[in-house]
Amino acid sequence: MNAEVTGSLTMADVLALKVVQNADPLVLSGEKNLDVRLRWVHVTESAENVDLLFGREVVLTTLRNVEPTVARLRAFMRKLEDSGAAGVVVELLEDPSGAGTASGARLAVAVKDLALPVIQLRKKVRFVEITEVIHERLVAEQLAAVQFSRNVHEIYTELSLHEADEQRIVERTAQLLQAPVVLEDVRHHVLAHAGAGYGAESVLEHWINRSKFVGYAEQTGRGHGAENWLQTPVGAVRSRWGRLVVPAELDDEHNAALVLERAGQTLTIARLAGRDQRELLYQARTSMLHELQQHHSYTDKEVAVRAESLGLDTGAHYVPLVVSLTVGETHSPTDIQLREREVLEVVDQVAENMRVGMLAGSLRSGYLGVILPVAAKQLVENSLQRFTRQLTEMLSSQVAVGVAAEETSIGASARRLEEAALVAEIVPNLPTRAQPYYRFADLRLRGVLSAMGQDARMRSFALTELSGLLNPPDESGLELLQLYLEHAGNKSTLAKQGYLSRPTLYARLAKLEDKLGVSLGSAESRASLQVALLWYRMHG
């Protein structure tokens, strides 16, 4: 006879049952393993049926078909132990004639030093009474487990349907577990936490340093490390973005793991849903910026209403700025698109920190346009300083920011975004970048030459001026010319910096003059060559 056991019943619980206690139980072995959870109840009288065990069964037997010798009894118990039995309950009555006592003694010797719990019942009992009691306990536990699982499912489903944010989900989880709960990202930064009544505030002390030494688990469970926290990963399998942690002891870890895993799934869905919503918002904002840059028939009021619906606050002035992501290394179109989404999310965070609604979207690949509202003209510089400082602090990669003149209308500001984009495009070519953002006035000659980059007359002028060094190409000559011009024609300084003797330098400069066909001593020649060389380095 078999009965499946899936609850938390242990051998200790079986020993404590009234029906077992009435049978005068005696623990012969395995006292340290009475806390093993049971899976089955199995009744057998023969070693031939041991192969039917699956593991963690409590075996009920009278040993009727087992030869009553120490060797045979030990072999039988060993076979049960090897098959994974959780314990054995043996009905072996005391015999006044002495035979029963001898059998009990032989069983005690046979199971000596076994890890398998063996309990002798010294009074008569009906095994069906034991199985019935266990059934009642198990069914009750199973119903409770099913109901608990159903309640947890309903709670987190409702949170998902109501689009609860991370903080609300963490708070509800802490309430269910009656324990502190912390949501952190992959850099161990705390994104949300709850359960202050259970010691959460003290738990957060030195959090990052402590969390670094607790290994991540790919499934719900205890993490290895200095602190054995119960945790569950958060995020899609191939793009984990954090974990949910319970940094406390728990009374019922099985149910806690169930709650934590369901909470992690809900957080994952919430983040994915939030990204979908943000993606639609970014697309809407991008479309509006493009419309405003083109000729349109909207009135200023209509533009203001649409912009407000997309999150832009009303301001006395609107500052157009562009963030260039194509700084430094060359990136694939996919990488640039992913970076655009990253920067747009950071812009949203900066806007939230500044408590101002901005309008941000993609102008073209690698360039993001932003319209920043300000309450007064004198606040423009302060707002730009705050925006660029927070943006660069929160981003993991370098960007360039170009700014155009502020306008009093949203439409006019949007039309200046191309000007700001041109500035952002030039900034990476500057020899030094001491400012957090730049305007055209900050770029000076480079700005003019950048704006004239496609001008055929400018191209013809530059290539003609440098033709002696370009046909055929003479890179060393171009480098010498650049150094000479950077030192304003000061040969002594150039000789020292270039570690050249003056005769050698003079000879090289004379050769350079011959190739260029002009005198380097002429201020006008140096100015023309400076402009030509600067254009060539930018566009040649």
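What you are looking at is a predicted structure, and each value in this text was computed from that prediction instead of being measured.

Caption draft 1: Broad picture of the overall build of the protein chain. Scanning the protein chain for helices and strands turns up 22 helices and 15 strands. Taking the principal axes of the C-alpha coordinates as reference, the protein chain spans close to 130 × 65 × 40 Å. For the protein chain, restricting intrachain contacts to residue pairs at least 6 apart in sequence, the fraction spanning at least 24 positions comes to 67%. Total accessible area on the protein chain stands at roughly 28,300 Å², and carbon and sulfur atoms take up 50% of it. Put simply, the protein chain has 57 plus and 68 minus side-chain charges, and the middle of one group is 5 Å from the middle of the other.

Caption draft 2: Highlighting the sheet that holds strand β12 (residues 317-324). With respect to topology, 4 strands assemble into an open sheet ordered β13-β14-β12-β15, the strand pairing being antiparallel. Looking at which strands have only one partner, the edges of the open sheet turn out to be β13 (359-364) and β15 (400-403). Here the average twist between neighbouring strands, direction ignored, is 30°. Alignment of β12 against β15, held across 4 bridges, turns out to be antiparallel. Bridge pairing in β15 places S324 opposite A400. Contacts between helix α11 (residues 333-354) and the sheet are confined to β12, β13 and β14 (367-374), with β13 contributing the most and set at about 160° to the helix. Sitting on the sheet, helix α14 (residues 417-426) touches β12, β13, β14 and β15, and the angle it makes with β12 is about 35°.

Caption draft 3: View of a nonpolar patch on the surface. A cluster of nonpolar side chains, contributed by L445, V448 and M452, occupies part of the molecular surface with about 220 Å² of accessible area. Within the secondary structure, L445 is located in helix α16 (residues 445-451).

Caption draft 4: Summary view of the nonpolar core. L321, V323, V343, M358, L384, F387 and L391 are the most contacted members of the largest nonpolar core, which totals 28 residues. Among the secondary structure elements, those contributing two or more residues to this core are β12, α11, β14, α12 (380-394) and β15. Take this core: its biggest share by element is 7 residues, from α11. In contact with V323, not counting residues within four places along its chain, are V343, G366, Y367, L368, L391, V399, A400 and V401. Residues L177, L183, A192 and L260 belong to the second largest nonpolar core, which totals 25 residues.

Caption draft 5: Molecular detail of helix α22 (residues 523-539). Spanning 17 residues, α22 covers 24 Å between terminal C-alpha atoms, matching the ideal 24 Å at 1.5 Å per step. Where α22 is concerned, the buried positions are S525, S528, L529, A532, L533, L534, W535 and M538.

Caption draft 6: Examining the packing of helix α5 (residues 127-161) against helix α6 (residues 166-177) more closely. Interhelical geometry of α5 versus α6 gives an angle of 165° and a closest axis separation of 11 Å. When the axes of α5 and α6 are compared, the pair comes out roughly antiparallel. Crossing of α5 over α6 shows right-handed handedness. Facing I155, Y156 and L159 of α5, the residues of α6 in contact are R168, I169, R172, T173 and L176. Its residues assigned to classes, the contact of α5 with α6 comprises 5 nonpolar, 1 polar and 2 charged.

Caption draft 7: Just the sheet that holds strand β7 (residues 181-185), in detail. Pairing within the open sheet is antiparallel, and its 5 strands lie in the order β8-β7-β11-β10-β9. This sheet does not close on itself; its edge strands, each paired only once, are β8 (190-194) and β9 (221-222). The pairing of β7 with β8 spans 4 bridges and is classified as antiparallel. Considered in β8, the bridge of E184 is made with V190.

Caption draft 8: Seen up close, the pairing of strand β11 (residues 239-246). Burial analysis of β11 places 6 of its 8 residues in the buried class, which makes it a mostly covered element. Inspection of the sheet shows β7 paired to β11 by 4 bridges, in the antiparallel sense. For E184, the partnering residue across the bridge sits in β11 and is R243. Pairing of strand β10 (residues 230-236) with β11 involves 7 bridges; the strand directions are antiparallel. The residue of β11 that forms the bridge with T232 is L244.

Caption draft 9: Region of the structure containing the side chain of Q231. Tracing the chain through its elements places Q231 in strand β10. Of note is the side chain of Q231, whose polar atom sits 3.2 Å from the backbone nitrogen of A217. Those residues within four positions of Q231 in sequence are excluded, and the remaining contacts are V214, G215, Y216, A217, Q219, T220, G221, G223, R243, L244, V245 and L260.

Caption draft 10: How the structure looks around the environment of R339. Take R339: it is sitting in helix α11. Since its relative accessible area comes to 11%, R339 is described here as buried. R339 sits 56 residues away from L395 along the chain, and the two C-alpha atoms are 9.9 Å apart. A distance of 2.6 Å separates the side chain of R339 from the side chain of S397, its partner in a polar contact.

Here is what the cut-offs are and how they apply
- Residues numbered from 1 in each chain as written.
- Predicted model: local features only at pLDDT ≥ 70, side-chain atom pairs only at ≥ 80, totals over all residues.
- Heavy atoms only, no water.
- Helix = DSSP H or I, 4+ residues; strand = E, 2+ residues; numbered from the N terminus.
- Contact = heavy atoms within 4.5 Å.
- Areas by Shrake-Rupley, 256 points an atom, 1.4 Å probe, with all protein chains shown as cover.
- Lys, Arg positive; Asp, Glu negative; His and termini not counted.
- Charge placed at Lys NZ, Arg CZ, Asp CG, Glu CD.
- Pairing = 2+ DSSP bridges.
- Axes fitted to C-alpha atoms, helices over the stretch in contact; angles between N-to-C directions.
- Patch = residues over 30% accessible without salt bridge, like charges linked within 9 Å, V, L, I, M, F, W, Y side chains within 5 Å.
- Salt bridge = Lys/Arg side-chain N within 4 Å of Asp/Glu carboxyl O.
- Core = buried A, V, L, I, M, F, W, Y, C linked by side-chain atoms within 4.5 Å.
- Buried < 20%, exposed > 50% of the residue type's maximum accessible area, 1.4 Å probe, protein only.
- Expected span 1.5 Å × (residues − 1).
- Parallel < 35°, antiparallel > 145°, perpendicular 65-115°, else oblique.
- Left-handed = near helix turned anticlockwise from the far one by under 90°.
- Nonpolar A, V, L, I, M, F, W, Y, C, P; charged D, E, K, R; others polar.
- Polar contact = N/O pair within 3.5 Å; in protein donor to acceptor, adjacent residues only side chain to side chain.

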